[in-house]
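Okay, here's what each chain looks like letter by letter:
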Amino acid sequence: MNHNEKFGIYTDQAEKQISLLKYSKSSCGVDFLLNTAESSEKRGWFDADKRYKTDFFEFYFFRQAEGYLFLTGEKIELHPGMVLIISPFQWQEWHVDLDKLDYTFLIFQEEFINNFLSDKYFMYRLLYCYQHDYPTHFDLEVTAMAPYLDLLSKMKHELHEPVADSYHMIVAYLYQFLLLLNRLYAGLFGLPFDAPLNNYAYQYKELLEKHIAEMTHVSDYADAMNISRISLNKAVKREFGLSAVHLLKQRLLQEVKNELLFSGRSVKEIAFRLHFSEPNHLMRFFKQMTGQTIGEFLASRLS
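Conventions adopted
- Starting from 1, residues in each chain are numbered consecutively following that chain's sequence as written.
- With pLDDT at 70 or above as the cut-off, local features in this predicted model cover only qualifying residues; side-chain atom pairs require 80 or more to be listed or tallied, and sums for whole chains, interfaces and linings still use all residues.
- Only hydrogens and water are removed before side-chain values are computed, so all heavy atoms of the structure are retained for them.
- What makes a salt bridge here is a side-chain nitrogen of Lys or Arg within 4 Å of a carboxyl oxygen of Asp or Glu, nothing more.
- In this description a helix means any DSSP run of H or I spanning at least four residues, a strand means any run of E spanning at least two, and both kinds are numbered starting from the N terminus.
- In this scheme, a residue with accessible area under 20% of its type's maximum is buried, one over 50% is exposed, and one in between is partly exposed, where area comes from a 1.4 Å probe on protein chains only.

K.L.:
Looking at this structure, how should I read the pattern of salt bridges?
P.N.:
Once their charged atoms are close, side chains differing in charge can pair, the charge on each being opposite to the other. Tallying each qualifying case throughout the model produces 16 salt bridges. Arg 273 serves as the salt-bridge partner of Glu 255, at 3.6 Å between the closest nitrogen and oxygen. On the criterion of sequence distance, the pair formed by Glu 255 in helix α9 (residues 244-263) and Arg 273 in helix α10 (residues 267-273) is long-range, its members being 18 residues apart. One salt-bridge network, held together by shared partners, links Glu 209, Arg 251, Glu 255, Glu 259, Arg 265 and Arg 273.

Laid out in structure tokens, this is it:
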């Protein structure tokens, strides 16, 4: 286990090739499972390990940036004026020069806000969290970034000069920050934004994140939720504008990409782990979903 006092995180070598960076409030020097700062105050941990994932949400507002990031198998070119959102346990590999990055960041564990809110699906309601269909990065003009950076500045003040109600103030600022960003994201990508009728779609999204390696059919999730497949699909369609099958396939594809890039397993082993009846079925699924063969996908990653 490798402790990194500078970042308020520590590394747990839980997997053979992937480090898990865990948030530690004691290392961070604050009494909260949340931190925000400028890159000039705290350099990023992008070079802490070649490949890793974190157990916290990450938000970056880049003023200056160059290089690229592999995020769960997708190559993302970094540039100034970019907002980047990373959900917990997404597999990351950064190719950057830290001295050429200038940004403001926010990181927090879901527990921080769940301790305050009674809505356990809150983070799954945010369209940019655990998103596998639309990019979780986009461009914002300086003036459009200002309200979000102002809220982060207010959080930082409460972190460094805490008083009796600082926790509640930080949660209030964070709540506003997340909701305003969600409205912006929905508008940017034309996503549904009607008031939900129930929690089925969000419960489904949570289960997909946690059980995609064991449950690979929509009926498995409907059974686990004690509802019909028709009811589940109707709820998912209303909240996300997509079918339940589509969400499952996209999440399964992401898992396949992660396995191909980071696990060291063969195609045969991956197919077995993800319950494909044979490797050819996995290869056919991958080609149908991406338009590339597995070999072409792996070669493009190196280009």
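K.L.:
What should I look at first to understand unusual backbone geometry in this one?
P.N.:
Peptide bonds are, in most cases, trans, and in most cases residues other than glycine have a negative phi. At Thr 72, a position not held by glycine, the phi torsion is positive, near 45 degrees. Within the fold, Thr 72 resides in the loop between β7 (68-71) and β8 (74-77). With a relative accessible area of 6%, Thr 72 lands in the buried category. Notably, Asn 226 is not glycine yet its phi reads approximately 60 degrees, a positive angle. By the secondary structure assignment, Asn 226 is in the loop between α7 (218-225) and α8 (229-240). The exposure class assigned to Asn 226 is exposed, which follows from its relative accessible area of 69%.

So far we have only geometry, and geometry alone does not tell us how the molecule works.
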